[in-house]
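The lines below spell out each chain.
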Amino acid sequence: MPFRVGETLTFDVAWSSYLVAGTATSRVVDKRPSNNSTAYYLVAEGKPIPLVARFYSVYYKMESLLDSFSTLSQRTSLYTEEGARKISASTQFDRATERAQFEQQYQAPLQFPIPKNVQDGLSTLYALRTMALKPGTSFTVPVADNGLLYTVKFDVGTPAPLKVPIGQLEAWPLRISITDMAGQQAGQN
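Sequence positions are assigned chain by chain, starting from 1 and proceeding in written order. Thresholds applied to this predicted model are a pLDDT of at least 70 for local features of residues and 80 or more for the giving and counting of side-chain atom pairs; totals over whole chains, interfaces and linings are not thresholded and use all residues. Note: side-chain values were computed over all heavy atoms of the structure, leaving out hydrogens and water.

Turning our attention to a nonpolar patch on the surface. A residue counts toward a patch only above 30% relative accessible area and without a salt bridge, and it is joined to like-charged neighbours within 9 Å or, for Val, Leu, Ile, Met, Phe, Trp and Tyr, to nonpolar neighbours within 5 Å. Each accessible area is a Shrake-Rupley result for a 1.4 Å probe, and residues are judged covered by the shown protein chains and nothing else. A side-chain nitrogen of Lys or Arg and a carboxyl oxygen of Asp or Glu constitute a salt bridge if their distance falls within 4 Å. On the surface, Leu51, Phe55, Tyr56 and Tyr60 cluster together into a nonpolar patch covering about 490 Å² of accessible area. Mapped onto the fold, tyrosine 60 is located in strand β4 (residues 58-67). Relative accessible area serves as the criterion here: at 32%, tyrosine 60 is assigned to the partly exposed category. What counts as a helix is a DSSP run of H or I of at least four residues, what counts as a strand is a run of E of at least two, and both are numbered from the N terminus. Remark: exposure states derive from per-residue accessible area (1.4 Å probe, protein chains only) relative to the maximum for the residue type, with buried under 20%, exposed over 50%, and partly exposed in between.

This next bit is on the packing of aromatic side chains. Geometry of aromatic contacts follows a simple scheme: Phe, Tyr and Trp rings, the Trp one being its six-membered ring, pair when their centres are within 6.5 Å, and the pair is stacked under 30 degrees between planes, edge-to-face over 60, tilted otherwise. Evaluation of the coordinates by the stated rule reveals four aromatic pairs. Between phenylalanine 3 and tyrosine 126 the ring centres are 5.1 Å apart and the planes differ by 80°, which places this aromatic pair in the edge-to-face class. One end of the pair, phenylalanine 3, is in the segment before β1 (8-14); the other, tyrosine 126, is in helix α2 (residues 121-128), and 123 residues separate them in sequence. The pair formed by phenylalanine 3 and tyrosine 126 is uniform in burial state, with each residue classed as buried. Feature note: the residues Phe3, Tyr40 and Tyr126 constitute an aromatic cluster, connected by ring pairs. Charge over a ring is defined by NZ of Lys or CZ of Arg lying within 6 Å of the ring centre and within 35 degrees of the ring normal. Above the face of the tyrosine 41 ring, arginine 32 is positioned so that its terminal group lies 4.1 Å from the ring centre.

Turning our attention to the sheet that holds strand β3 (residues 37-48). The criterion for strand pairing is that DSSP finds at least two bridges linking the strands in question. Judged by pairing direction, the sheet is antiparallel, and its eight strands sit side by side in the order β1-β2-β3-β4-β5-β6-β7-β8 without closing on themselves. Strands at the two margins of the open sheet, each flanked by one partner only, are β1 and β8 (110-113). Here the strands of the sheet are splayed against their neighbours by 15° on average, with no regard to which way each runs. For β3 and β4, the ladder comprises eight bridges, and the chain directions are antiparallel. Note that in β4 the partner of alanine 44 across the bridge is methionine 62. When checking whether two residues touch, look at their non-hydrogen atoms; a contact exists if any pair is within 4.5 Å. Note on method: axes are straight lines fitted to C-alpha atoms, helices fitted across the in-contact stretch only, with angles between N-to-C directions ranging 0 to 180 degrees. Here α2 sits on the sheet in contact with β1, β2 (20-34), β3, β4 and β5 (73-82), set at roughly 55° to β4.

Taken in spatial order, the four strands line up as β9-β10-β13-β14 in an open sheet, and their pairing is antiparallel. Two strands bound the open sheet, and with one partner strand each, they are β9 (138-145) and β14 (185-188). For this sheet, the mean inter-axis angle between neighbouring strands, taken without regard to orientation, is 25°. Pairing geometry for strand β10 (residues 148-156) and strand β13 (residues 174-179), over six bridges, is antiparallel. Note on β13: the bridge partner recorded for aspartate 155 is arginine 175. Running over the sheet, α2 touches β9, β10 and β13 and is turned about 150° from β9.

Before going further, it helps to examine the pattern of salt bridges. Taken as a whole and judged by the stated rule, the model has seven salt bridges. With a shortest N-O distance of 3.0 Å, arginine 32 and aspartate 30 are connected by a salt bridge. Linking glutamate 82 and arginine 85 is a salt bridge whose minimum nitrogen-to-oxygen distance equals 3.7 Å. A residue is classified by how much of its surface remains accessible, and glutamate 82, at 31% relative accessible area, is partly exposed. Assessed through its relative accessible area of 52%, arginine 85 is described here as exposed.

Let's shift gears to the pairing of β4. The element β4 is extensively covered by neighbouring structure, given that seven of its ten residues are classed as buried. With antiparallel pairing between neighbouring strands as the criterion, β4 and β5 make up a hairpin whose turn holds five residues, including threonine 71 at a positive phi of roughly 55°.

We now examine the environment of proline 48. In this structure, proline 48 sits in strand β3. C-alpha separation for the pair proline 48 and tyrosine 60, spaced twelve residues apart in sequence, amounts to 9.9 Å. Look past the residues within four positions of proline 48 in its chain and what remains in contact with it is Ala21, Gly22, Ala53, Tyr56 and Val58.

Here it is, written out as structure tokens:
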């Protein structure tokens, strides 16, 4: 695996190259028994810097269990705070029946069919790191989010040097486009 227990990645969240609005961290907390297998317990959190928080108070926490053998998501949960509004939701993936169950507080559970290789958003980021990328190639990943399915397409560019606090690394530029179940664009890059 190209990641290990104890790894923490920290990102600036910015609106432009000049205005940092917050931080996001992603951690590989541990590796534990789960669903007759073992899974990496992943946690990502995002929050604004104190100045932005005074005007727009938000907090996001996503947790995922990523199967250490298949690199497919077993379960994911999301907790959000936006001002006084707090929401908890989770999705459990049943690979044997190719179904997922989405639950959000105050709502009835929703079961829906899933493709064999469906991921959640956080697990997708880690599963990408296990792939052998080649410049000029494209691939898609089905992603379940809040009881809906999306198709995320990745177009791979040529590796380029990237300067980070630990030095200079080779980074793969990925162009990302997201479409919903109706084929409508839901996001990009």
